[in-house]
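Chain by chain, the residues run as shown.
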Amino acid sequence: MSIINDLKLEYKMGGITQRLIFWNVGLFAIPLIIFSILKLSGVDVSAVDWTSNFYNGDFFSLSSNPADLLWKPWSLLGYAFLHKGFLHILFNMLMLVFAARVFLTFFTQKQLFGIYVLSAIFAGLVYIAGYAFLPMLAGQITGMVGASAAIMAILIAAAIYAPYYNVRLLLIGTVKIWHVAIVFVVLDLINASVENSGGHIAHLAGAAFGFVYIKLLQNGTDLTIGVSRTLDFFGNLFKPKKKQPFTKVYRNTAPPTPKAAGMRSKNMTQQQIDDILDKISRSGYESLTKDEKDFLFKVGKN
């Protein structure tokens, strides 16, 4: 049980990168463990084989047929947490750690999760559209799983924001982050017409989302705000409310002394000044009313 407790503690204390890894690895490993136990128990599970029908098959994967979204809408995002095999998930999780480490140097945990979710949905829609409109793919019906498109968005976003950020690669040494990003984009462009065309198109869509995200963010628009607010809403919804200790308040019925009245007036004046200064910092001096300007002028003379 100590291992389970350690994992719980690591999940609770870890950041969003660790949690994404937990979710991806858990969704990959748990069904494998279940099927292994069933097989060892003599149960025939050939009809729901892990590698074909049950997990990566029609029910969970993102289908290239848009009509399939009607009966499994969850697949538009869920595919980004599923993987076909050990090497598939190993490479993706290593890339997630690499890309997220650079991304989190400049941005927040919530922005990382937001771009992961939104880019996965966007790449999924582009994947479906590719099979609907590209002549090379038209008429084919297939499925897709994998976090690659979302991870590509994180990598490209980091490279666009800080292209000259130095990263160390095993056996290569120190390179700029944009060098890594351009290699993956070029490889996807080359392989899009060779093999797994839909997957590489989704990767490129993720890269495009990462580019657009940073450009809009630099102009003052954060696309991940909606995801962050949703997280905050549900986080506060299920957060236990702290009970306030009972405190008894005694009312002083005696008339205030001149000194106390002066202190109260001073505090009220200072509060008014603070409120007006806050308004100036938010909207400028011209946003003040005539009374507020007169009040500041009067206080300044005193």
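Residues numbered from 1 in each chain as written. Predicted model: local features only at pLDDT ≥ 70, side-chain atom pairs only at ≥ 80, totals over all residues. Heavy atoms only, no water.

Draft legend 1. Representation of the overall build of the protein in the model. Per the secondary structure count, the protein includes 12 helices and four strands. In the protein, the proportion of contacts linking residues at least 24 apart, taken out of those at least 6 apart, comes to 66%. Split by element, the accessible area of the protein, about 19,500 Å² in all, is 65% carbon and sulfur. (Helix = DSSP H or I, 4+ residues; strand = E, 2+ residues; numbered from the N terminus. Contact = heavy atoms within 4.5 Å. Areas by Shrake-Rupley, 256 points an atom, 1.4 Å probe, with all protein chains shown as cover.)

Draft legend 2. How the structure looks around the confidence of the model for the protein. Of all residues in the protein, 79% attain a pLDDT of 70 or more, and the chain-wide mean is 84. Across residues 50-54, confidence stays below pLDDT 50; counting only partners more than four residues off in sequence or on other chains, it has 18 contacts. (pLDDT = per-residue confidence, 0-100.)

Draft legend 3. Inspection of the packing of aromatic side chains at higher detail. The full count for this structure, using the stated rule, is 11 aromatic pairs. Ring centres of Trp23 and Phe113 lie 5.9 Å apart, and the angle between their planes is 75°; on these two criteria the pair is classed as edge-to-face. Placement of the pair is Trp23 in helix α2 (residues 16-40) and Phe113 in helix α6 (residues 109-133), with a sequence separation of 90 residues. The class of Trp23 is partly exposed, set by a relative accessible area of 30%. Looking at Phe113, the relative accessible area reads 13%, which means it is buried. Relative to Phe234, the ring of Phe233 lies with its centre 5.2 Å away and its plane at 80°, an arrangement referred to as edge-to-face. (Phe/Tyr/Trp six-rings, centres within 6.5 Å; stacked < 30°, edge-to-face > 60°. Buried < 20%, exposed > 50% of the residue type's maximum accessible area, 1.4 Å probe, protein only.)

Draft legend 4. The arrangement of the side chain of His83 in detail. Within the fold, His83 resides in the loop between α4 (75-78) and α5 (86-106). Of note is the side chain of His83, whose polar atom sits 3.0 Å from the side chain of Asn92. Among the polar contacts listed, one links the side chain of His83 to the backbone nitrogen of Ala147, at a separation of 3.4 Å. (Polar contact = N/O pair within 3.5 Å; in protein donor to acceptor, adjacent residues only side chain to side chain.)

Draft legend 5. Structural detail: the packing of α6 against helix α9 (residues 197-218). Running from N to C, α6 and α9 cross one another at 135°; their axes reach a closest spacing of 8 Å. By the angle between their directions, the pair α6 and α9 is classed as oblique. Crossing geometry of α6 relative to α9 is assigned as right-handed. Contacts from Gln111, Ile115, Leu118, Ser119, Phe122, Ala123, Val126, Tyr127 and Tyr131 of α6 reach α9 at Gly198, Gly199, Ile201, Ala202, Ala205, Gly206, Phe209, Gly210, Tyr213 and Leu217. Within the contact of α6 with α9, the residues separate by chemical class into 13 nonpolar, six polar and no charged. (Axes fitted to C-alpha atoms, helices over the stretch in contact; angles between N-to-C directions. Parallel < 35°, antiparallel > 145°, perpendicular 65-115°, else oblique. Left-handed = near helix turned anticlockwise from the far one by under 90°. Nonpolar A, V, L, I, M, F, W, Y, C, P; charged D, E, K, R; others polar.)

Draft legend 6. Representation of the pattern of salt bridges in the model. By the definition in use, this model includes one salt bridge. The partner of Lys110 in a salt bridge is Asp232, and the shortest N-O contact between them spans 2.4 Å. Taken together, the residues span a long stretch of sequence, with Lys110 in helix α6 and Asp232 in helix α10 (residues 225-237) at a distance of 122 residues. Overall, the relative accessible area of 36% leaves Lys110 in the partly exposed class. (Salt bridge = Lys/Arg side-chain N within 4 Å of Asp/Glu carboxyl O.)

Draft legend 7. The arrangement of the nonpolar core in detail. With 56 residues, the main nonpolar core has Tyr79, Phe103, Ile115, Tyr116 and Ile154 as its most contacted residues. It is helix α7 (residues 148-161) that contributes the most residues to this core, 11 residues altogether. (Core = buried A, V, L, I, M, F, W, Y, C linked by side-chain atoms within 4.5 Å.)

Draft legend 8. Looking closely at the packing of α5 against α7. One can describe the packing of α5 onto α7 by two numbers: an axis separation of 9 Å at closest approach and a directional angle of 30°. Taken together, α5 and α7 sit at an angle that is classed as roughly parallel. With respect to the hand of their crossing, α5 and α7 are arranged in left-handed fashion. Of the residues in α7, those touching α5 at His88, Asn92, Met95, Leu96, Phe98, Ala99, Ala100, Val102, Phe103 and Phe106 are Ser148, Ile151, Ile154, Leu155, Ala157, Ala158 and Tyr161. For the contact of α5 with α7, the class distribution of residues is 14 nonpolar, three polar and no charged.

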